[in-house]
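Understanding the architecture of this molecule
Spelled out, the chains give:
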Amino acid sequence: MLKERHHAEIEHISIPDASDYISGCEGEVLFISDDEALLEKAKSKGIATNDPQKMRESYTKAMEMLKAMGMNGVKK
């Protein structure tokens, strides 16, 4: 969704390579991982982070709010 909606560049990296990546990456990165140690390392370097589970919960909540407002995805 980040790539499609925000035209963001996406880079998938393995967990063993992630630690090195965090050490050398720029601050304009959103680091998404479910590995708590990697998230903490990224946070300590001032990198924005997110957890896939929290992203899923946020998306679900947003969809519920839109449905409650009567926006159920039906296009006219």
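So, here's what we can say about the structure. Computed from a prediction, not measured in an experiment: that's the story for all the values here. (Residues numbered from 1 in each chain as written. Predicted model: local features only at pLDDT ≥ 70, side-chain atom pairs only at ≥ 80, totals over all residues. Heavy atoms only, no water.)

What follows is about the side chain of Asp 51. Inspection of the secondary structure assignment puts Asp 51 in the loop between strand 2 (48-50) and helix 4 (52-68). One buried charged residue, Asp 51, remains without a salt bridge, the closest side chain of opposite sign being Lys 54 at 5.6 Å. Of note is the side chain of Asp 51, whose polar atom sits 2.6 Å from the backbone nitrogen of Gln 53. For Asp 51, the contacting residues outside a window of four places in its chain are Ser 33, Asp 34, Glu 36 and Leu 39. (Helix = DSSP H or I, 4+ residues; strand = E, 2+ residues; numbered from the N terminus. Buried < 20%, exposed > 50% of the residue type's maximum accessible area, 1.4 Å probe, protein only. Lys, Arg positive; Asp, Glu negative; His and termini not counted. Salt bridge = Lys/Arg side-chain N within 4 Å of Asp/Glu carboxyl O. Polar contact = N/O pair within 3.5 Å; in protein donor to acceptor, adjacent residues only side chain to side chain. Contact = heavy atoms within 4.5 Å.)

Here the focus is helix 3 (residues 36-44). Those residues of helix 3 that sit buried are Leu 38, Leu 39 and Ala 42. Down the axis of helix 3, the buried side of the element spans an arc of 100°, and every buried residue falls inside it. Residues of helix 3 that are exposed and point more than 90 degrees away from the buried face comprise Ala 37 and Ser 44. On the buried face of helix 3, the contacting elements are helix 2 (15-24), strand 1 (30-32) and strand 2. Sitting at the amino-terminal end of helix 3 is Asp 35, which places a side-chain oxygen 3.1 Å from the backbone nitrogen of Ala 37. Remark: Gly 46 follows helix 3 within two positions and exhibits a positive phi of approximately 80°. (Arc of directions from axis to C-beta.)

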